[in-house]
Amino acid sequence: MADTPRRLVIVESPTKATKIAGYLGPGYVVESSRGHVRDLPTSAAEVPARYKGQPWARTGVNVDADFTPIYVVSADKKATIRKLKTDLKDSDELYLATDGDREGEAIAWHLLQELKPTVPVRRMVFHEITRDAIQEAVAHPRELDEDLVQAQETRRILDRLYGYEVSPVLWKKVMPRLSAGRVQSVATRLIVDRERERMAFRAASYWDLEATLDAGAEASPREFTARLVGLDDRRIAQGASFDSLGRVKGDVVVLDEAAAAVLAAALEKAPFSVAGVEAKPYTRRPAAPFRTTTLQQEAGRKLGFTTDRTMRIAQELYEGGWITYMRTDSVTLSDQAVDAARDAVRSLYGADYLPDRPRIYASKVKNAQEAHEAIRPAGASFRTPAQSGLSGDQFRLYELVWQRTVASQMADATGQQMIVRIEASCPQRVDLGERAGAVRTARFAASGRTITFPGFLKAYVESTDDPAERTTRLPRLSPDQPLDPVRVAAEGHATKPPARFTEPSLVAKLEELDIGRPSTYASIIRTITSRDYVFKRGAALVPTWLAFAVTRLLEEHFTALVDYDFTADLEEQLDSIAKGQVDRLEVLRDFYFGPQDGQASGRSAREGLHELTRALGDIDARALSTFHLGDLDSGVDVRVGRYGTYVEDEDAHRANVPEDMPPDELTVEAARELLARAGGGDRELGLDPQTHVAIVVRNGRFGPYVTEVLPEDEAPAKGSKRAKPRTASLFRSMDPASVTLDDALRLLSLPRVVGGEGEDVITAQNGRYGPYLKRGTDTRSLPSEEAIFTTTFEQAEELFSQPKRRGRAAAAPLRELGADPANGRPVVVKDGRFGPYVTDGETNATLPRTDSVEAVTLERAAELLAAKRAKGPAPKRRGSRGTAKRATAKTKKATTKRTAKASGAAGPKGAAGSAAGSASDARAGERPGTAAGSTARATE
DNA sequence: CAGTGAGCGAGCTTCCGCTTGACTT
């Protein structure tokens, strides 16, 4: 028997690999790439040495050489590549079987680049994992689609440039660690825009009537309700009759409470009768099978799952072989799935519930890439939820998928829709006041629905966010039939602001705008939440004021980038590239350098990203992060600052805005309330027995502190020793809620004289870097705050007799690696403020995250040190006013102050260092900015 | 948003889309 050739097939997912192997049989080895195998470098640590120092190394895209990208195999992908290379060695043929969409094609191309196969290579593509589809695909391979790869690279490069060029603008202008991106920035803007609508919204109130009517003893049901729709020949106002500012649209009667009450009373005695009955056939079709977004929506509404949770459970079900792939934009069912669904319908519900022909669903998603099937129960026959043996979340999600899939192949639900018009005339005109006038006839309506054949509703009812589906059961009624009013009740209503986005509704909106992909919807929400752009209140996504500031900056200075049509336009261009009609360079140049001169076809000239990110002087950070509340003369602003968001009044009084307060609740009144509480919210500890001045504990920029409240009108002139109140931070061991007057007096008594005379007097006190001793201009740190009070003169002198850095420099190395071959100096690993680093006593190099203290070798250390020496000393930073100094700011209510303070004395990992560092660097800032680092610094 | 003195390894943060890892005998 001749040797059968051995073929290596590579797909994306291990689960898929196992599945396919079963359909291909012997002679095929199926492996997986586990997603993308290489990418642009994410950080400086990943940039290959030969590119370091290039101005474009930071983004990994050489914009001056036709946007050439550099690709690296990240540490966690190296093993995958190694494995695939080994497998390839024993193979006679390579089948690249990644998805047929843009990303899948690119993965195949990257695999080729990395594996460099010497055997024949084929590209095979399938859209469903069934035996037929796989065998068909392997029998008809195609070539790699270079144009599709070009489209993916364009997408990748553009996203990188957007993200890595715009984010630094935010670091400089707003806060470090912020981010911007094609997807997240628009997602954030959607949420901010909705909040703006809510803030601009003005509620309208209106009243109407609900009549409970008796249709006579034979009727079933005997009683039903009808709602007032008109008076004489005018319509009555409903919610939709008002605009968002509470103004009435069109010619309608608006009833207030008094008018509604008068009318209700008059109608209770009036004769009602049926004016007309309309019956229309009603049919309802089942919804399409699930794709990622609809699964997330329904799991959210019916099961209360977050998008994250839905995807996690779906992944488990996929890996367990229960459902098909969960990241898909397709609603197509394979023939196998249609058969399985129809079998289930026939056996569980009967032939009546089965349509003559299979239902076919087309994707409504623009530019859907349809690399997969819809999400459905896996296999050629569907296991019912009851048979599955699954439990908990898995059971519930599987049941949802099963029901939706089966229902999608069931018959329509049919029935009748009835609309009944009813009139009631008062014996004489009723005066309803100035706005409504005098009226005589009131018109009511009732609608109802009867389902005569439930069809797919037997299996699955799609839920809805819209409560408009409110219907009543109606009796049989005929024209002119008299009705007896049992009760006529006036009901008040108010228009509501547009609802906030929830996770699923945001995802649905993003999909509609063609922003994001099935694999990223859940992570988009994670990103904007972790950046503090958005937080959740119940199910609602609420934007922060930080999001308002960032969105405003982007809208004003990067307008095109946060346009809701930006991605959709981009998709069109990518499509053209994929079809080979457009060169990617045109698209990238246009985006980065702006439209080239002359050729503009009536379209207004726009600056490219390159120009925009360098025009920092035009961006007024202070103005962008200030929001005026209420009317022009309200005098109250909200400001997004380094220590969080606060409100400020005309007298520059300030108060923090609680982190969980939605922007639309921060009215002028609420702000005044916060200010009042902040002003009067100090806890009074008592009076200083000596001076009779009140001592309070208060929260400040550096944490809780005690201070004196000096009488306002105290004349400062007459021999007063101090114009300012004494203040002192609490010790870390103290709590603002429990600190006593004695504690406060002790703190305010500082500095303590420890001993000595004249020039040599030693004092003990608390400072920026923690507790310390001072003698003249010389200082020494103290081991604890308590030591400020307990240190004796002898101990103090002992401390001063020792050199300054004692105790800190004594830290023992973590490891000793031996002599550096470069210079023979001993190399050791040490732990420092910025994490572990290697040093030869002169040059220091921080260990990259990819190296561990345990695993680092002498060779590796020597490499790191050599790289560091080659770079030369770090350029001194130029001091810049404003934003550059806020390095440690974090919006979370954090503890930055206390840890910062502690760091000086005890902890090596303090945050205080950077703040202090840049302050002192400001003096050394004269030297010319030669290094790359100084080119993009904020000046203003 | 209160304000008091050091001397230290500074260097990194960030995008969107694919997908689940797991060193060596």
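Criteria and cut-off values
Residues numbered from 1 in each chain as written. Chains lettered and ligands numbered in written order. Predicted model: local features only at pLDDT ≥ 70, side-chain atom pairs only at ≥ 80, totals over all residues. Heavy atoms only, no water. Helix = DSSP H or I, 4+ residues; strand = E, 2+ residues; numbered from the N terminus. Areas by Shrake-Rupley, 256 points an atom, 1.4 Å probe, with all protein chains shown as cover. Domains from an automatic or database assignment. UniProt positions renumbered as here; feature names shortened; annotations may be inferred. Contact = heavy atoms within 4.5 Å. Buried < 20%, exposed > 50% of the residue type's maximum accessible area, 1.4 Å probe, protein only. Lys, Arg positive; Asp, Glu negative; His and termini not counted. Salt bridge = Lys/Arg side-chain N within 4 Å of Asp/Glu carboxyl O. Pairing = 2+ DSSP bridges. Axes fitted to C-alpha atoms, helices over the stretch in contact; angles between N-to-C directions. Patch = residues over 30% accessible without salt bridge, like charges linked within 9 Å, V, L, I, M, F, W, Y side chains within 5 Å. Charge placed at Lys NZ, Arg CZ, Asp CG, Glu CD. Core = buried A, V, L, I, M, F, W, Y, C linked by side-chain atoms within 4.5 Å. Right-handed = clockwise from strand over helix to strand, strands pointing away. Parallel < 35°, antiparallel > 145°, perpendicular 65-115°, else oblique. Left-handed = near helix turned anticlockwise from the far one by under 90°. Nonpolar A, V, L, I, M, F, W, Y, C, P; charged D, E, K, R; others polar. Phe/Tyr/Trp six-rings, centres within 6.5 Å; stacked < 30°, edge-to-face > 60°. Lys NZ or Arg CZ within 6 Å of the ring centre and 35° of its normal.

### Regarding the overall build of chain A
Thought 1: Secondary structure summary: chain A contains 27 helices and 32 strands in total.
Thought 2: Taken as a whole, chain A presents about 48500 Å² of accessible surface, with 49% of it coming from carbon and sulfur.

### Notes on the domain arrangement of chain A
Thought 1: Under the domain assignment used here, chain A contains domain 1 (205-285 + 415-494), domain 2 (292-411), domain 3 (625-677), domain 4 (683-736 + 738-801) and domain 5 (815-864).
Thought 2: On a C-alpha basis, the centres of domain 1 and domain 5 stand 81 Å from each other.

### Regarding the UniProt feature "active site" (unreviewed entry) in chain A
Thought 1: Listed under "active site" (unreviewed entry) in the UniProt record, and renumbered for this structure, are Y325.
Thought 2: Along the chain, the position of Y325 falls in the loop between α9 (307-319) and α10 (335-349).
Thought 3: The contact partners of Y325, leaving out residues within four places of it in the chain, are Y318, H372 and I375.

### Some words on the side chain of K77
Thought 1: Among the secondary structure elements, K77 is positioned in helix α2 (residues 75-89).
Thought 2: No salt bridge forms around the buried K77; measuring N to O, its nearest opposite-charge neighbour D76 is 5.6 Å away.
Thought 3: Residues in contact with K77, not counting those within four places in the same chain, are S33, R34, H36 and V37.

### Describing the sheet that holds strand β27 (residues 770-775)
Across a sheet, strands are paired by hydrogen bonds formed along the backbone, either parallel or antiparallel in direction.
Thought 1: In spatial order, the strands read β25-β26-β27-β28; together these four strands make up an open sheet with antiparallel pairing. A single partner strand is all that each edge strand has here, and the edge strands are β25 (752-755) and β28 (778-781). Within this sheet the neighbouring strands show an average axis-to-axis angle of 35°, counted without direction.
Thought 2: With three bridges connecting them, β25 and strand β26 (residues 762-767) associate as antiparallel partners.

### Things to note about a negative patch on the surface
Thought 1: Judged by side-chain charge, D132, E136, D335 and D339 come together as a negatively charged surface patch.
Thought 2: Taken together, the elements giving at least two residues each to the negative patch come down to α4 (131-139) and α10.
Thought 3: Positionally, D132 belongs in helix α4.
Thought 4: Residue classification places D132 among the exposed positions, given a relative accessible area of 62%.

### Some points on the nonpolar core
Most often, soluble globular proteins keep nonpolar side chains buried together rather than apart.
Thought 1: Residues V647 and L666 are the most contacted members of the largest nonpolar core, which totals 94 residues.
Thought 2: Counting residues per element, this core draws most heavily on helix α5 (residues 146-173), at 10 residues.
Thought 3: Residues contacting L666, with those up to four places away along its chain left out, are W545, L629, V638, V647, V657, M661, A671 and L674.
Thought 4: L295, I313, V406 and A413 belong to the second-largest nonpolar core, a separate cluster that totals 40 residues.

### Examining the UniProt feature "domain: Toprim" (unreviewed entry) in chain A
Thought 1: If you check UniProt for "domain: Toprim" (unreviewed entry), the listed places come out as residues 6-130 in our numbering.
Thought 2: Taken end to end, residues 6-130 is 32% helix and 17% strand, and its first and last C-alpha atoms sit 22 Å apart.

### Notes on the environment of Y51
Thought 1: The residue Y51 is located in the loop between β2 (28-32) and β3 (61-62) in this model.
Thought 2: In sequence terms Y51 and I70 are 19 residues apart; their C-alpha atoms lie 9.1 Å from each other.

### Concerning the pattern of salt bridges
Where charged atoms of side chains with opposite charge meet at close range, the side chains can pair.
Thought 1: Tallying each qualifying case throughout the model produces 51 salt bridges.
Thought 2: The salt bridge partner of R780 is D778, with a shortest N-O separation of 3.1 Å.
Thought 3: On the accessibility criterion, D778 (28% relative accessible area) is partly exposed.
Thought 4: Through salt bridges that share partners, E103, R155, D159 and R182 make up one connected network.

### What about the sheet that holds strand β5 (residues 93-96)?
Thought 1: Sheet architecture is open: four strands sit in the order β2-β1-β5-β6, paired in parallel fashion. The strands lining the two open edges of the sheet, one partner per strand, are β2 and β6 (121-123). Between one strand and the next, the sheet's axes are offset by a mean angle of 20°, whatever the strand orientation.
Thought 2: With four bridges connecting them, strand β1 (residues 7-11) and β5 associate as parallel partners. The residue of β5 that forms the bridge with I10 is L96.
Thought 3: Contacting β1, β2 and β5, α2 runs over the sheet at an angle of about 170° to β2.

### Looking at the pairing of β5
Thought 1: Burial along β5 is two-sided: the residues E93 and Y95 and L94 and L96 are all buried.
Thought 2: With three bridges connecting them, β5 and β6 associate as parallel partners. Along β6, the bridge assignment pairs L96 with R123.
Thought 3: Crossover β5 to β6 through helix α3 (residues 102-115) is right-handed.

### Section: the packing of helix α8 (residues 292-303) against α9
When two helices pack together, their arrangement is given by the angle between their axes and by how far apart the axes lie.
Thought 1: Contact geometry of α8 with α9 gives a least axis separation of 9 Å together with a crossing angle of 115°. Regarding the angle of α8 to α9, the classification is roughly perpendicular. Crossing geometry of α8 relative to α9 is assigned as right-handed. Residues T292, L295, Q296 and A299 of α8 form the contact with α9, whose participating residues are T307, T310, M311 and A314.
Thought 2: For the contact of α8 with α9, the class distribution of residues is four nonpolar, four polar and no charged.

### Considering the packing of aromatic side chains
Thought 1: Here the structure, examined in full by the defined rule, presents 19 aromatic pairs.
Thought 2: Consider the rings of Y318 and Y325, whose centres lie 5.1 Å apart with planes at 75°: the pair is edge-to-face.
Thought 3: Y318 gets classed as buried once you look at its relative accessible area, which sits at 6%.
Thought 4: An angle of 40° between the planes, with centres 5.0 Å apart, marks the rings of W545 and F548 as tilted. One end of the pair, W545, and the other, F548, are both in helix α16 (residues 545-557), three residues apart, so they sit about a helical turn from each other.
Thought 5: Looking at W545, the relative accessible area reads 5%, which means it is buried.
Thought 6: Given the relative accessible area of 4%, F548 is considered buried.
Thought 7: Feature note: the residues F67, Y592 and F593 constitute an aromatic cluster, connected by ring pairs.
Thought 8: The residue whose ring lies beneath R189 is Y564, and the NZ or CZ to ring-centre distance is 4.7 Å.
Thought 9: When the ring centre of F501 is taken as reference, the NZ or CZ atom of R194 above it lies at 4.2 Å.

### Examining the pairing of β2
Thought 1: Sheet analysis places β1 next to β2, joined by five bridges and oriented parallel. The residue of β2 that forms the bridge with R7 is Y28.
Thought 2: A crossover connection joins β1 to the parallel β2 through helix α1 (residues 14-24); in handedness this β-α-β unit is right-handed.

### Observations concerning unusual backbone geometry
Thought 1: S220 connects to P221 through a cis peptide bond whose omega is -5°.
Thought 2: Residue P751 is bonded to the preceding L750 through a cis peptide linkage, with omega at 0°.
Thought 3: Mapped onto the elements of the fold, P751 is located in the loop between α22 (741-748) and β25.
Thought 4: Even without being a glycine, D480 presents a positive backbone phi close to 70°.
Thought 5: Its place among the elements puts D480 in the loop between β13 (438-453) and β14 (482-494).
Thought 6: On the basis of relative accessibility, which here comes to 64%, the residue D480 falls in the exposed class.

### Things to note about the environment of W402
Thought 1: With respect to the helices, strands and loops of the structure, W402 is situated in helix α12 (residues 392-407).
Thought 2: Taking the C-alpha atoms as reference points, W402 and P385, separated by 17 residues in sequence, lie 7.2 Å from one another.
Thought 3: Residue contacts for W402: discarding those within four places in its chain leaves L348, Y349, P377, F382, R383, T384 and P385.

### Notes on the packing of α1 against α4
Thought 1: Closest axis-to-axis distance for the α1/α4 pair is 9 Å, and the angle between their directions is 75°. Accordingly, the angle class assigned to the pair α1 and α4 is roughly perpendicular. Residue-level inspection shows I20, G22, Y23 and L24 of α1 in contact with α4, the latter providing R131, I134, Q135 and V138.
Thought 2: The residue makeup of the contact of α1 with α4, split by class, is five nonpolar, two polar and one charged.

### Side note on the environment of A386
Thought 1: Note that A386 resides in helix α11 (residues 385-388).
Thought 2: Here A386 falls in the exposed class, since its relative accessible area comes to 75%.
Thought 3: Considering only alpha carbons, one finds A386 and L612, 226 residues apart in sequence, at a separation of 59 Å.

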